[in-house]
Amino acid sequence: MAGGGGSPLEALEEESQLGTVLPTRFEASSLKKRKWGFLFTGIVGGSLVAVYAVATPFIIPALRKICLPFVPATPKQIENVMTMLRCRRGSVVDIGSGDGRIVIAAAKEGFTAVGYELNPWLVWYSRYRAWQEGVHKSAKFYISDLWKVTFSGYTNVVIFGVPQMMPLLERKLELELGQDARVIACRFPFPCWIPAHVTGEGIDTVWAYDVGTFGGSRWRPGRVERSQLAART
Ligand SMILES: C[S@@+](CC[C@H](N)C(=O)[O-])C[C@H]1O[C@@H](n2cnc3c(N)ncnc32)[C@H](O)[C@@H]1O
């Protein structure tokens, strides 16, 4: 029996009140715990989804048949690319534009510059950087797979690729580019073309190839079908 010296009836009432008050307090504290539990699960779950969403576009290029990860060009490399663009006119395209640094540098030099990049985060960041640098009107970025883009409309093509992709890209560009086009390769040269100019050294080496001088190339436009290229990428 609860309570002290009251009548049995009072004691009974007191007991029945305790019976309702105690479970209510218990329920309130367990509700509070559940709320924190939901909040904690939401925060952890949300953070995991955010990490996954940000990290996946950076990991996907490494899982493709040709692994082309995001490695930004060094300042010296950009300087060398700009040297190769000196005295050139028209448009510039960076194939796999990363954070947009080459496209932005070209736009600052007065070119209409375009970047194609698979990673949407890098494309959005590039657009932001172009806007910050005041060149958003002449620097454009697109989320695209480089193997599905036709580069025929460009007069200057920049690629910082990997050795495995260079033979395929060489054939693709031979099929697509006009006679007045220049292709600039950073760090890794094309296997068959003969460069018109080479500048820099080590990892900053840059090669410039003029399509008009490809007469002696092993592959001529038309010898490799588009379907053959698609099958290999
Ligand atoms: C070596 S980084 C070069 C970045 C930039 N061009 C620079 O010089 O700073 C190669 C870029 O190509 C992108 N990439 C990889 N596979 C691609 C594909 N299939 N289509 C378009 N971009 C791709 C990567 O996400 C990465 O940003």
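Residues numbered from 1 in each chain as written. Predicted model: local features only at pLDDT ≥ 70, side-chain atom pairs only at ≥ 80, totals over all residues.

Draft legend 1. Focus on the packing of helix α2 (residues 75–85) against helix α3 (residues 101–108). For the pair α2 and α3, the least separation of the axes is 10 Å and the interaxial angle reads 45°. By the criterion of interaxial angle, the relationship of α2 to α3 is oblique. Here the hand of the crossing between α2 and α3 comes out right-handed. Contact with α2, carried on its side by Ile78, Val81, Met82 and Leu85, involves Arg101, Ile102, Ala105 and Ala106 of α3 and no other residues of that element. Counted by class, the contact of α2 with α3 contains seven nonpolar, no polar and one charged residues. (Axes fitted to C-alpha atoms, helices over the stretch in contact; angles between N-to-C directions. Helix = DSSP H or I, 4+ residues; strand = E, 2+ residues; numbered from the N terminus. Parallel < 35°, antiparallel > 145°, perpendicular 65-115°, else oblique. Left-handed = near helix turned anticlockwise from the far one by under 90°. Contact = placed C-beta atoms within 7 Å. Nonpolar A, V, L, I, M, F, W, Y, C, P; charged D, E, K, R; others polar.)

Draft legend 2. Region of interest: the site of the ligand. In the vicinity of the ligand, 21 residues are found, and the nearest of them are Leu68, Ala73, Gly96, Gly98 and Leu146. Listed by contribution, the elements that provide at least two residues to the shell around the ligand are α3 and β2 (112–117). Split by residue class, the shell around the ligand holds 13 nonpolar, four polar and four charged. (Near = placed C-beta within 6 Å.)

Draft legend 3. Here's a closer look at the environment of Ala196. Within the fold, Ala196 resides in the loop between β5 (182–186) and β6 (197–199). Ala196 sits in the partly exposed class, given 15 other C-beta atoms within 10 Å. On a C-alpha basis, the gap between Ala196 and Tyr209 in space is 5.3 Å, while along the polypeptide they are 13 residues apart. Contact partners of Ala196, with chain neighbours within four places excluded, come to Ala208, Tyr209, Asp210 and Thr213. (Buried ≥ 20, exposed ≤ 12 C-beta atoms within 10 Å, placed from the backbone.)

Draft legend 4. Summary view of the pairing of β5. Counted residue by residue, β5 has five buried out of five residues, so it is predominantly covered. As paired elements, strand β4 (residues 156–159) and β5 share four bridges and run parallel to each other. Looking at the pairing, Val158 lines up with Ile184 of β5. Chirality of the crossover, the property in question, places the unit of β4, helix α5 (residues 166–176) and β5 among those that are right-handed. Of the strand pairs in this sheet, β5 and strand β7 (residues 206–210) are connected by five bridges, and their pairing is antiparallel. (Pairing = 2+ DSSP bridges. Right-handed = clockwise from strand over helix to strand, strands pointing away.)

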